[in-house]
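# Inside the fold
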Amino acid sequence: MQIYTPDEIASMLKISKHTVYEMIKRGDLAAFKVGNKMRIEESEFTRFKESMTAPNKRQTELQNTVQQTIQLAGSHDFLVEHLVKYTASEGTGLSITPSYIGSLEGLMMLYRGSADIAAIHLLDPVSQQYNLPFIRQLFVHEPITVMRLASREQGLIVAKGNPKKISGIKDLTRKDVTIVNRQKGAGTRFLLDSFLAEENLQPSDVKGYDDEEWNHLGAAAHVSRGTADAAFGIKCAATQLGLDFIPLAKEQFDLVLRWTPDNKKALQHLIDLIHFTNFKESILELDGYDAEDFGKIIYGNQLTEA
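Here is a short report on the structure shown in this document.

Rules of the game
Residues numbered from 1 in each chain as written. Predicted model: local features only at pLDDT ≥ 70, side-chain atom pairs only at ≥ 80, totals over all residues. Heavy atoms only, no water. Helix = DSSP H or I, 4+ residues; strand = E, 2+ residues; numbered from the N terminus. Rg over C-alpha atoms; globule rule 2.2 N^0.38 Å. Buried < 20%, exposed > 50% of the residue type's maximum accessible area, 1.4 Å probe, protein only. Contact = heavy atoms within 4.5 Å. Areas by Shrake-Rupley, 256 points an atom, 1.4 Å probe, with all protein chains shown as cover. Lys, Arg positive; Asp, Glu negative; His and termini not counted. Charge placed at Lys NZ, Arg CZ, Asp CG, Glu CD. Phe/Tyr/Trp six-rings, centres within 6.5 Å; stacked < 30°, edge-to-face > 60°. Polar contact = N/O pair within 3.5 Å; in protein donor to acceptor, adjacent residues only side chain to side chain.

Further remarks concern the overall build of the protein chain. Scanning the protein chain from terminus to terminus reveals 12 helices and 13 strands. Taken over C-alpha atoms, the radius of gyration comes to 21 Å for the protein chain, in line with the 19 Å a tight globule of 306 residues would show. Within the protein chain, buried positions represent 53% of all 306 residues. Within the protein chain, residue pairs in contact and separated by at least 24 positions form 76% of the contacts whose partners lie at least 6 positions apart. Total accessible area computed for the protein chain in this model is approximately 14000 Å², and 50% of it derives from carbon and sulfur atoms. Each charge class in the protein chain can be summarised by its mean position, and for the 34 positive and 40 negative side chains these summaries are 1 Å apart.

Here it is as structure tokens:
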């Protein structure tokens, strides 16, 4: 009979090893020890998977918990909005209080201990990697988990039919083109600046560069009203307002969880909700997102075997 390690179970379920140990501790998943290492039999793993497919079983368990509140800070995103609404409306016992202040400010709030979760999409121009280079620099000793929420399409939002015939970043410097930008510290603004630098273009060459909006829908609304010819943003915002979209990048949008004794139960509750309820199904219809790695733990420095 096949015997699995917690690492192997975590990999097959696309969850963290920390979550596997929590399930063992709660009695959801039976395990035995070989020396001081935990092991799980194949038959038990099969039983567990089958139990999780029972209608609303895990969601019912989550609903029977005491209401918990966690603070989220960072980038505005429709998936994050969806998660906040989902936890509030489905009786999950969890409440998320969001503050959409941009990726960089959200990460700094997490670093300062003023938030439990940061929602970020920050491109490191040197490595061309998203999020992890910033996270590794800031969180050396703090216990954190980084969870992939989705990949999403970023590009230029333009009016229906693209009347100005905008095709790329260079067109933003045309005298007949005006944009609306995102606020300083927003990951979307970081990405736009990266594209401008690649083309050796200066922000001062872009009309409307200093005109700021604080979320994707607000920026897209300027294009819809005709007060801007273009906005750099996500495809989902363009789709919602019936605008055209010119894709330029596929970026990684992640949640960074910082663990403390006070928020441990609430954060684990959130991970369970993401992994074991139908929340993923509720977001698949949103345009411009790739949820293939949804919920996957991509980094963690608190995941030590107990």
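Here the narrative resumes, following the displayed structure.
On to the packing of aromatic side chains, then. Evaluation of the coordinates by the stated rule reveals 6 aromatic pairs. Their ring planes at 70° and their centres at 5.6 Å tell us that Tyr4 and Phe45 sit as a pair that is edge-to-face. In this pair, Tyr4 sits in strand β1 (residues 3-4) while Phe45 sits in helix α3 (residues 42-52), placing the two residues 41 residues apart along the sequence. Residue Tyr4 is classed as buried on the basis of its relative accessible area of 13%. Measuring from ring centre to ring centre gives 5.9 Å for Tyr111 and Phe139, while their planes differ by 75°; the resulting arrangement is edge-to-face. With Tyr111 in helix α6 (residues 103-111) and Phe139 in the loop between α7 (132-138) and β7 (144-158), this pair connects stretches of sequence that are 28 residues apart. Given the relative accessible area of 36%, Tyr111 is considered partly exposed. Overall, the relative accessible area of 1% leaves Phe139 in the buried class.

Structurally, His76 is set in the loop between β4 (68-74) and α5 (78-89). Along the sequence, His76 and Ile24 sit 52 residues apart, while their C-alpha atoms lie 35 Å from each other. Within polar-contact distance, the side chain of His76 engages the side chain of Glu81 at 2.7 Å.

Quick look at helix α2 (residues 17-26) now. Burial within α2 is extensive, with 8 of its 10 residues counted as buried. Among all positions in α2, only Lys17, His18, Thr19, Val20, Tyr21, Glu22, Met23 and Ile24 are buried. Residue Gly27 follows α2 closely and has a positive phi angle near 90°.

Okay, helix α9 (residues 216-225) next. Of all the 10 residues making up α9, 7 are buried; the element is thus mostly covered by neighbouring parts of the structure. Those residues of α9 that sit buried are His216, Gly218, Ala219, Ala220, Ala221, His222 and Val223. On its buried face, α9 is in contact with β7, β8 (179-182), α8 (187-198), β9 (212-213), β10 (230-234) and α10 (235-240). Where α9 starts, the residue carrying a side-chain oxygen 3.2 Å from the main-chain nitrogen of Leu217 turns out to be Asn215. After α9 finishes, the residue Gly226 shows a positive phi value of roughly 90°.

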